[in-house]
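Close look at the chain arrangement
For reference, the chains in residue letters:
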Amino acid sequence: MSQLCRSGRLLDIGRDSLDRALGMRFVREVGAGTISQRAYANYLDIEAAFVLTAARLHGFAVWDAPSWPAARRNGLAVHALVTEQAEYFASARSAWPVAAALGPAAVRRAGRLSDFALDAARAGGYPAIMTVLFAAETLYLTWCTSAHHAGLTPAGPVADWVALHAAEPFRAGVAALAEQVDQIPAAIPDSTLAGWFGGMLDAEITFHDAVYG
């Protein structure tokens with residue numbers, strides 16, 4: 001990715017934040033195949049709840065989109081979230097051998113991810129939404145690709161989830177988000193984008209750490 005692109009500059013500016021997120025316990029344990037059944041049950045619970053936030057972000061992006069292609073792309077994302085992803089979580093949670101067991105404090109910590117993303121969307125509109133989604137999906141593409149190639153992920157819902165985020169359609173989606181970031185007006189400074197990008201990754205760490213109670 002060219003360093004002349006805003007997305008490339010943003011990745012450079014946010015490298016430390018991305019590296020911290022890639023080093024979080026959840027990522028390490030899924031990649032090594034050592035994630036406990038209870039921790040993943042907790043993850044399924046809070047990630048299923050975040051699907052609603054993601055649908056809201058993409059729905060807002062449809063409303064605030066700068067073009068018909070952008071509106072259509074985000075509309076399709078909403079559809080995928082409320083169908084395929086919702087169905088994955090319903091199936092995985094019902095089949096998982098242990099139930100989630102998160103206390104109210106951990107649920108509140110996990111909720112900071114939704115709070116940050118939605119607050120950014122309200123304040124910054126379409127540019128903010130594209131930036132926080134670019135941060136979150138770059139994180140997932142990177143760690144899931146690594147975990148998928150390592151081949152140590154537990155078979156079943158965990159491996160399926162990792163494979164989904166390492167597959168070409170997801171990679172293409174991240175590339176499309178990068179293109180949207182590249183088109184953010186120059187009137188919005190890189191420092192503002194960096195705040196959204198880094199803040200989203202910090203919230204991702206808090207979210208994933210919450211699965212451990």
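Here's a quick rundown of the structure. Sequence positions are assigned chain by chain, starting from 1 and proceeding in written order. Note on the predicted model: pLDDT of at least 70 is required for a residue's local features to be given, and 80 or more for side-chain atom pairs to be given and counted; whole-chain, interface and lining totals, by contrast, use all residues. To obtain the side-chain values, all non-hydrogen atoms of the structure were included, while hydrogens and water were left out.

The helix count covers DSSP runs of H or I at least four residues long, the strand count covers runs of E at least two residues long, and both are numbered beginning at the N terminus. Of regular secondary structure, the chain possesses 10 helices and zero strands. Seen in sequence order, the chain has helices and strands lined up from the N terminus as α-α-α-α-α-α-α-α-α-α. Atoms counted for the radius of gyration: C-alpha only. Globule rule: 2.2 Å times the number of residues to the power 0.38. Over its C-alpha trace the chain gives a radius of gyration of 17 Å, about what one expects of a compact globule, namely 17 Å for 213 residues. Looking at the chain as a whole, 48% of its 213 residues are labelled buried. Total accessible area computed for the chain in this model is approximately 9,900 Å², and 58% of it derives from carbon and sulfur atoms. Positive and negative charge centroids in the chain, built from 16 and 20 side chains respectively, lie 5 Å apart. The buried label goes to any residue with under 20% of its type's maximum accessible area, the exposed label to any with over 50%, and the partly exposed label to all in between, with areas taken from a 1.4 Å probe on protein chains only. Methods summary: accessible areas were calculated by the Shrake-Rupley approach with a probe of 1.4 Å, and residue burial reflects only the protein chains presented. Counted as positive: Lys and Arg. Counted as negative: Asp and Glu, with His and the chain ends omitted from the count. To locate a charge, take atom NZ for lysine, CZ for arginine, CG for aspartate or CD for glutamate.

This brings us to the nonpolar core. To qualify as a nonpolar core, a set must consist of buried Ala, Val, Leu, Ile, Met, Phe, Trp, Tyr and Cys residues joined through side-chain atoms within 4.5 Å. Residues Y40, F134 and W143 are the most contacted members of the largest nonpolar core, which totals 71 residues. Sorting elements by how many residues they give to this core places helix α7 (residues 112-150) first, with 20 residues. Residue contacts are counted whenever heavy atoms from the two residues lie within 4.5 Å of one another. Ignoring anything within four residues of it in the chain, the contact list for Y40 reads F26, I35, Y88, W96, P157, V158 and W161.

Viewed as axis vectors pointing N to C, helix α2 (residues 15-22) and α7 meet at an angle of 50°, and their least axial separation amounts to 10 Å. Considering the angle they form, α2 stands oblique to α7. Taken as a pair, α2 and α7 cross one another with a handedness that is right-handed. Taking contact as the criterion, the partners of L18, A21 and L22 in α2 are, on α7, T138, L139, T142 and W143. Under the grouping applied here, Gly and all other residues not named as nonpolar or charged are polar, the nonpolar ones being Ala, Val, Leu, Ile, Met, Phe, Trp, Tyr, Cys and Pro and the charged ones Asp, Glu, Lys and Arg. Looking at the contact of α2 with α7 residue by residue, the class counts come to five nonpolar, two polar and no charged. Helix axes are fitted to C-alpha atoms over the stretch in contact, other axes to C-alpha atoms as well, and angles between N-to-C directions run from 0 to 180 degrees. Comment on the angle field: the value is read as roughly parallel under 35 degrees, roughly antiparallel over 145, roughly perpendicular from 65 to 115, and oblique elsewhere. Two helices that cross are described as forming a left-handed crossing if the nearer one is turned anticlockwise from the farther one by less than a right angle, and a right-handed crossing if clockwise.

Salt-bridge detection follows one rule: a side-chain nitrogen of Lys or Arg within 4 Å of a carboxyl oxygen of Asp or Glu. As enumerated under the stated definition, the model contains seven salt bridges in all. Notably, a salt bridge pairs R6 with D190, separated by 2.6 Å at the nearest N-O pair. With R6 in helix α1 (residues 6-13) and D190 in helix α10 (residues 190-209), the pair connects residues that are 184 residues apart, well separated along the chain. Each of R6, R9 and D190 takes part in a single network of salt bridges with overlapping partners.

A few words now on the packing of α1 against α7. Direction vectors running N to C along α1 and α7 enclose 60°, while the axes themselves pass 12 Å from each other. Considered as vectors, α1 and α7 are oriented oblique to each other. As α1 runs across α7, the sense of the crossing is right-handed. In contact with S7, L10 and L11 of α1, α7 contributes T131, F134 and T138. The residue makeup of the contact of α1 with α7, split by class, is three nonpolar, three polar and no charged.

Locating T145 in the fold gives a position in helix α7. In this structure T145 comes out as buried when scored by relative accessible area, which is 13%. Think of a polar contact as two N or O atoms within 3.5 Å of one another; within protein, one of them needs to be a possible hydrogen donor and the other a possible acceptor, and neighboring residues in sequence only count if both atoms come from side chains. A polar contact is formed between the side chain of T145 and the side chain of R171, at a distance of 3.4 Å. Among all residues touching T145, those that are not within four sequence positions of it are Y140, H165, A166 and R171.

This part covers helix α5 (residues 68-95). The first and last C-alpha atoms of α5 sit 40 Å apart over 28 residues, in line with the 40 Å expected at 1.5 Å per residue. At L81, α5 shows its largest kink, close to 35°. As for α5, its buried residues are in contact with α4 (37-64), α7, α8 (157-164) and α9 (168-182). At the N-terminal boundary of α5, the capping side chain belongs to S67, with an oxygen 3.2 Å from the backbone nitrogen of A70. A helix is expected to span 1.5 Å multiplied by its residue count minus one. A residue's bend is simply the angle between two axes: one fitted to the seven residues ending at it, one to the seven starting at it.

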